[in-house]
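# Commentary on secondary and tertiary structure
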Protein chains: 2
Amino acid sequence: MDEAAPQKGTVTQRAIEEIKAMIAEGRLEPGQRLPTERDLAARLGISRSSMREAIRALTVLGVLEARHGSGIYVTALEAGDLLETFGVVADLSRGPRLVELLEVRRILESTATALAAARISDSRLAAVEKHLTAMNATDDPEEILAHDLAFHREIAAAAGNETMAAILEGLSSRTFRARVWRGYQEEGAFARTRREHAAIHRALVARDPEAARAAAASHVGEVEEWLRGQLGP
Amino acid sequence: MDEAAPQKGTVTQRAIEEIKAMIAEGRLEPGQRLPTERDLAARLGISRSSMREAIRALTVLGVLEARHGSGIYVTALEAGDLLETFGVVADLSRGPRLVELLEVRRILESTATALAAARISDSRLAAVEKHLTAMNATDDPEEILAHDLAFHREIAAAAGNETMAAILEGLSSRTFRARVWRGYQEEGAFARTRREHAAIHRALVARDPEAARAAAASHVGEVEEWLRGQLGP
DNA sequence: ACCAGCGGAGTGGTCCGACCACTACGGCGC
DNA sequence: GCGCCGTAGTGGTCGGACCACTCCGCTGGT
């Protein structure tokens, strides 16, 4: 009955909510240092072990950062910090869920590319071009993949929405791309990939959002369709 | 037994990666039960405390589920399980990042609504209608919000992409909506919201994807613009 | 006066052992 | 055969000890 100060679930869970609330309410600013583990534990009346579990959980979520010997700090709370865990989703997903993730990526990537076409700066466009040529100049799959990722990363950054860029980054996490990519490229899709990348680049140079959207959607859609085919039969 | 290998970072981090790898490689299936904390700790040659921190972290990420007195289990690894942490991002974001999140929502929600227009079943359409009328039949903001959330949730579910639905769910988490909603509706936006919801519903009934896309984009876009205005001047 | 080096205080990281709270299961009594 | 109950085993919590690292002020030399 006394809902005032009951123990909801585990004490660790309570500690997590407590710290989250402190940040949400502005009692803790990004970059600020927290009291020591021992202090925090004492304040909430729990053991240091339980408090450590709470801190560790928030560390993994990208909310806190523990510096050995120095203290615990709130991260900058940038999109990248918080959405890093998105990569875990991509890494652990399989089967139909992979297709769904690619569908989400197709939607976001096409929009991001369209925005980039309208906003991209000349210097950034040069960076995109650099990765495009580097990608076509080598046969090492590992290197190609790296430039492929950088190619799309530059475009996402040019769209001007850090949150979207962070999500796309997670959807292109190394292991995710590696798993899908390997099989896809084994079927001689290199040439097609090159054409698609070239098309995206042309649309960016032409500052043509709709062409960029179509090219990006088609690019991701090709992989999506291939993967869908892998699952069915 | 003794891994002469170098210890990358903390032992807890290593344990987290280890368990994640077990799942990614299929050594652990969804729903399967893990060895006991004491066992796992012994296998990796670390203390139970450190192993507990690893398990807690993965629990918060929605990868594992600990049942007191029973054991530790891998979750179903459904989109909802893994993307629950997405709500944390929404809750801790502020200022410009809120606008970015709304922009992402606008993109996904408009596409989801378009897909729903083409695929929605009659029974689900009836559910959407139910929430629409219930939303218009009350003046309690709390109740309106609840039906508003359910309205969009039904539509997202009808789009047939669980991953997208889970992301949208996170972007509409209670505290997120509550924070933005409150200010927005204070300015007498109820009438406008009703019109927009009605427009979305009409497009669904007409099975018109493009109309649905436009209506949804406009709906979210209105809030987005309002919020953008709140920040600037 | 200045600066390099050292050392100690304080922090997070790890480990241990004990106990509590809860669940599951099998045996006991009816 | 059924249901109750005890017990073994599990995760949850606690307190303390020690280690590894960082930071900063002090010391000693120049």
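Note that the structure is a prediction, hence the values are computed from the model and not measured.

Let us now look at the interface of chain A and chain B. Counting from both sides, the interface comprises 42 residues of chain A and, opposite them, 43 residues of chain B. Carbon and sulfur atoms supply 64% of the area that chain A and chain B bury against each other, a total of about 3900 Å² over both sides. Of all residues in chain A, A:E53, A:R56 and A:L92 give up the largest surface area on contact with chain B, accounting jointly for 17% of the area buried on that side. For the pair chain A and chain B, the number of links is 4 salt bridges. Among the ionic pairs, B:R56 bridges to A:E53, the shortest N-O distance being 3.1 Å. Between the two partners, chain A and chain B, sit 18 residue pairs in polar contact (both at pLDDT 80 or more). For the side of chain A that touches chain B, the secondary structure elements donating two or more residues are α1 (11-24), α3 (48-60), α4 (79-82), α5 (86-92), α6 (96-119) and α9 (162-171) of chain A. A total of 9 residues in the side of chain A that touches chain B trace back to one element, the largest contributor, which is α6(A). For the side of chain A that touches chain B, the per-class residue count stands at 22 nonpolar, 9 polar and 11 charged.

Turning our attention to the domain arrangement of chain A. Once the domains are mapped, chain A shows domain 1 (11-77) and domain 2 (82-231). The distance between the C-alpha centroids of domain 1 of chain A and domain 2 of chain A comes to 36 Å.

To continue, consider helix α10 (residues 174-186) of chain A. All names here are of chain A. Taking 1.5 Å per residue, 13 residues should reach 18 Å; α10 reaches 18 Å between its end C-alpha atoms and fits that length. The largest bend along α10 measures about 25° and falls at V180. The secondary structure elements touched by the buried residues of α10 are α5, α6, α8 (141-158), α9, α11 (190-205) and α12 (209-231). Note on α10: the residue one or two positions beyond its end, G188, has a positive phi of about 65°.

Attention now goes to the protein's contact with DNA strand D. Within the structure, DNA strand D sits among 26 residues, and A:V11, A:S47, A:H68, B:R48 and B:R52 are positioned closest to it. Atoms of DNA strand D within 4 Å of the protein belong to the sugar or the phosphate in 61% of instances, the rest to bases. In this structure, B:H68 approaches DNA strand D through a side-chain N or O atom, which is 3.2 Å from a base nitrogen. Looking at the surface near DNA strand D, the elements that each hand over two or more residues are α1 and α3 of chain A together with α2 (37-44), α3 (48-60), β1 (64-67) and β2 (71-74) of chain B. Tallied by class, the residues present in the surface near DNA strand D amount to 4 nonpolar, 13 polar and 9 charged.

A:V63, A:L64, B:V63 and B:L64 are the most contacted members of the largest nonpolar core, which totals 107 residues. Contacts of A:V63, omitting those with residues within four sequence positions, involve A:I23, A:L58, A:Y73, A:V74, A:T75, A:L77, A:L82, B:V88 and B:L92.

Residue and element names in this part refer to chain B. Direction of pairing for β1 relative to β2: antiparallel, over a ladder of 4 bridges. Bridged to L64 within β2 is V74. Counting the residues between successive antiparallel strands, the hairpin from β1 to β2 contains 3 residues, one of them, G69, with a positive phi of roughly 85°.

A word on the relation of the copies chain A and chain B. Mapping chain A onto chain B is achieved by rotating through 180° and translating by 0.0 Å along the same axis, at an RMSD of 0.0 Å. This pairing of chains is accounted for by a two-fold axis. A symmetric contact is evident, with 100% of the interface residues of chain A recurring at the interface of chain B.

Conventions and cut-offs
Residues numbered from 1 in each chain as written. Chains lettered and ligands numbered in written order. Predicted model: local features only at pLDDT ≥ 70, side-chain atom pairs only at ≥ 80, totals over all residues. Heavy atoms only, no water. Contact = heavy atoms within 4.5 Å. Buried area = accessible area lost by both parts, 1.4 Å probe. Salt bridge = Lys/Arg side-chain N within 4 Å of Asp/Glu carboxyl O. Polar contact = N/O pair within 3.5 Å; in protein donor to acceptor, adjacent residues only side chain to side chain. Helix = DSSP H or I, 4+ residues; strand = E, 2+ residues; numbered from the N terminus. Nonpolar A, V, L, I, M, F, W, Y, C, P; charged D, E, K, R; others polar. Domains from an automatic or database assignment. Expected span 1.5 Å × (residues − 1). Bend = angle between axes of the 7 residues up to and from the residue. Near = heavy atom within 4 Å. Core = buried A, V, L, I, M, F, W, Y, C linked by side-chain atoms within 4.5 Å. Buried < 20%, exposed > 50% of the residue type's maximum accessible area, 1.4 Å probe, protein only. Pairing = 2+ DSSP bridges. Least-squares fit on C-alpha atoms with pLDDT ≥ 70 in both.

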